[in-house]
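One-letter residues, chain by chain:
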Amino acid sequence: MTLTVSAPPATSTTRTTPSPTTSSPALAVLAALPVKGRAPKTGYDRAVFGQAWSDDHAMSGGRNGCDTRNDVLRRDLADAVLKPGTNGCVVLTGTLRDPFGGAVVDFARGPGTSSLVQVDHLVALSNAWQTGAQLLTAQQRQDLANDPLNLLAVQGRLNAQKGDGDAATWLPPRKTFRCTFAARQVSVKQRHHLWVTAPERDALRRVLTTCPGQRLPTAASTAVPPVDGAKGVTSPSRRPSPVVPAPTSTPAPTGAVSYENCDAARAAGAAPLHRGDPGYASRMDGDDDGVACE
């Protein structure tokens, strides 16, 4: 289900015109976004966007009986294994190819391991609060916080590094993902009637001019797969996740970070890797001195 969000009251803004030599659908939408200064952060709290990962929203996956975090994990993890008795909702294990850095991360639900894979708000909620969300209703803010268009499973370390930064202060270290990253942010700002600051606009424009023809993602292309028995749109990029029989004993959860090679480790900003670090592998430590990808 898609919610049409009413635009906030009209305010005085400035707008830009895309260069004819670098025009693309994403750039055209960016040029149409209002450009204003950042509003005060006064009054911001995570609670103003509703209960975290609430199922009570009008975006894809809303009111399907499953929390938003697990909806996104089912969409973004490969080979996801679901917990029995949760109607196909709760993800126990899976594999993430981190879009931000390129690392392959093994996810396992449990204390000390779940945080290896986190769900990022591409437009951070504090950024949204300071660029128009203060003018939205409580329900509209809850829809924004749970919109799969604005959510992506990523490596926990890089999510923490990004924090609440916008494109002017942080971009994914994996450069091949930056066009998609920028287009997603523009699409979220357009859909939820948010503005951009001048530095944010300029940073997004610099990225998008490197990818002529870049289109915006759609609600359908970022929709979450339905849970067992729920109606919805299944993402064509993922096959349904298997549900395994309940184990006779609960194994201790494990999680790991791995890199295909040193180039991937460097792209993720993790190199050099020392023996004992997440992602260290002896095959990348040619002189066996305990330091890989130096």
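First things first, this report covers the structure right here in the doc. What you see is a predicted model; the values in this text were computed from it and never measured.

Next up on the list: the overall build of the protein. The helix and strand inventory of the protein stands at 8 helices and 8 strands. When each of the 294 residues of the protein is scored for burial, the buried share is 50%. Restricting to contacts in the protein with at least 6 residues of sequence separation, those with at least 24 account for 68%. Split by element, the accessible area of the protein, about 13,700 Å² in all, is 54% carbon and sulfur.

This next bit is on the pairing of strand β3 (residues 104-108). The buried fraction of β3 amounts to 4 of the 5 residues, a majority that puts the element mostly inside the structure. Where strand β2 (residues 91-97) and β3 come together, 5 bridges link them in antiparallel fashion. Paired with Leu96 across the bridge in β3 is Val105.

Counting buried residues along helix α4 (residues 138-145), 6 of its 8 residues qualify, which places the element largely inside the surrounding structure. Those residues of α4 that are buried lie in contact with β4 (117-121), α3 (125-130), β5 (151-155) and α6 (178-191).

Here we take up the state of the cysteines. Counting across every chain of the model gives 2 disulfides. Covalent S-S linkage joins Cys66 and Cys89, the inter-sulfur distance amounting to 2.0 Å. Judged by the sign of its S-S torsion, about 75°, the bond between Cys66 and Cys89 is right-handed. Of this pair, Cys66 sits in the loop between α1 (25-32) and α2 (68-76) while Cys89 sits in the loop between β1 (78-82) and β2; the two residues are 23 residues apart in sequence, bridging distant segments of the chain. Judged by relative accessible area, Cys66 falls into the buried class, the value being 1%. Accessibility expressed as a relative area gives 6% for Cys89, which makes it buried. Bridging Cys179 to Cys211, the disulfide has an S-S length of 2.2 Å. Between Cys179 and Cys211 the disulfide shows an S-S torsion of about -110°. By sign, it is left-handed. Of this pair, Cys179 sits in helix α6 while Cys211 sits in the loop between α7 (198-208) and β6 (256-258), and the two are 32 residues apart along the sequence.

For the rest of this paragraph, the subject is the nonpolar core. Of all hydrophobic cores here, the largest spans 20 residues; its most connected members are Leu73, Leu77, Val91 and Val117. Counting only elements with at least two residues in this core, the list comes to α2, β1, β2, β3, β4, β5 and α8 (262-267). In this view, Leu73 contacts Val91, Phe107, Val117, Val119 and Ala153; residues no more than four positions away in its chain are not counted. Counting residues in hydrophobic clusters, the runner-up holds 18 residues, among them Ala167, Cys179, Val186 and Cys211.

Of note in this structure, Arg63 is not a glycine but carries a positive phi near 60°. Here Arg63 is to be found in the loop between α1 and α2. At Asp79, a position not held by glycine, the phi torsion is positive, near 55°. Here Asp79 shows up in strand β1.

Moving on, we come to the packing of α1 against α7. Where α1 meets α7, the closest approach of the two axes is 10 Å, and the angle between their N-to-C directions is 165°. Overall, the two elements α1 and α7 adopt an arrangement that is roughly antiparallel. By crossing handedness, the relation of α1 to α7 is classed as left-handed. Residues Ala26, Leu27 and Leu30 of α1 form the contact with α7, whose participating residues are Arg201, Leu204, Arg205 and Leu208. Of the residues assigned to the contact of α1 with α7, the class counts are 5 nonpolar, no polar and 2 charged.

Among the structural elements, Asp147 can be located in the loop between α4 and β5. Those residues in contact with Asp147 that lie beyond four places of it in its chain are Met59, Arg191 and His192.

Taken as a whole, this structure holds 7 aromatic pairs when the rule is applied. Here the aromatic rings of Tyr44 and Trp129 are separated by 6.4 Å at their centres, their planes lie at 55°, and the arrangement is tilted. Taken together, the residues Tyr44 in the loop between α1 and α2 and Trp129 in helix α3 connect sequence positions 85 residues apart. Owing to a relative accessible area of 26%, Tyr44 belongs among the partly exposed residues under this scheme. The exposure class of Trp129 is buried, given its relative accessible area of 9%. Every member of this aromatic cluster is reached through a ring pair, and the members are Phe100, Trp170, Phe177 and Phe181. One cation-aromatic arrangement involves Lys36 over Trp195; the distance from NZ or CZ to the ring centre is 4.0 Å.

About the criteria used
Residues numbered from 1 in each chain as written. Predicted model: local features only at pLDDT ≥ 70, side-chain atom pairs only at ≥ 80, totals over all residues. Heavy atoms only, no water. Helix = DSSP H or I, 4+ residues; strand = E, 2+ residues; numbered from the N terminus. Buried < 20%, exposed > 50% of the residue type's maximum accessible area, 1.4 Å probe, protein only. Contact = heavy atoms within 4.5 Å. Areas by Shrake-Rupley, 256 points an atom, 1.4 Å probe, with all protein chains shown as cover. Pairing = 2+ DSSP bridges. Disulfide = S-S within 2.5 Å. Core = buried A, V, L, I, M, F, W, Y, C linked by side-chain atoms within 4.5 Å. Axes fitted to C-alpha atoms, helices over the stretch in contact; angles between N-to-C directions. Parallel < 35°, antiparallel > 145°, perpendicular 65-115°, else oblique. Left-handed = near helix turned anticlockwise from the far one by under 90°. Nonpolar A, V, L, I, M, F, W, Y, C, P; charged D, E, K, R; others polar. Phe/Tyr/Trp six-rings, centres within 6.5 Å; stacked < 30°, edge-to-face > 60°. Lys NZ or Arg CZ within 6 Å of the ring centre and 35° of its normal.

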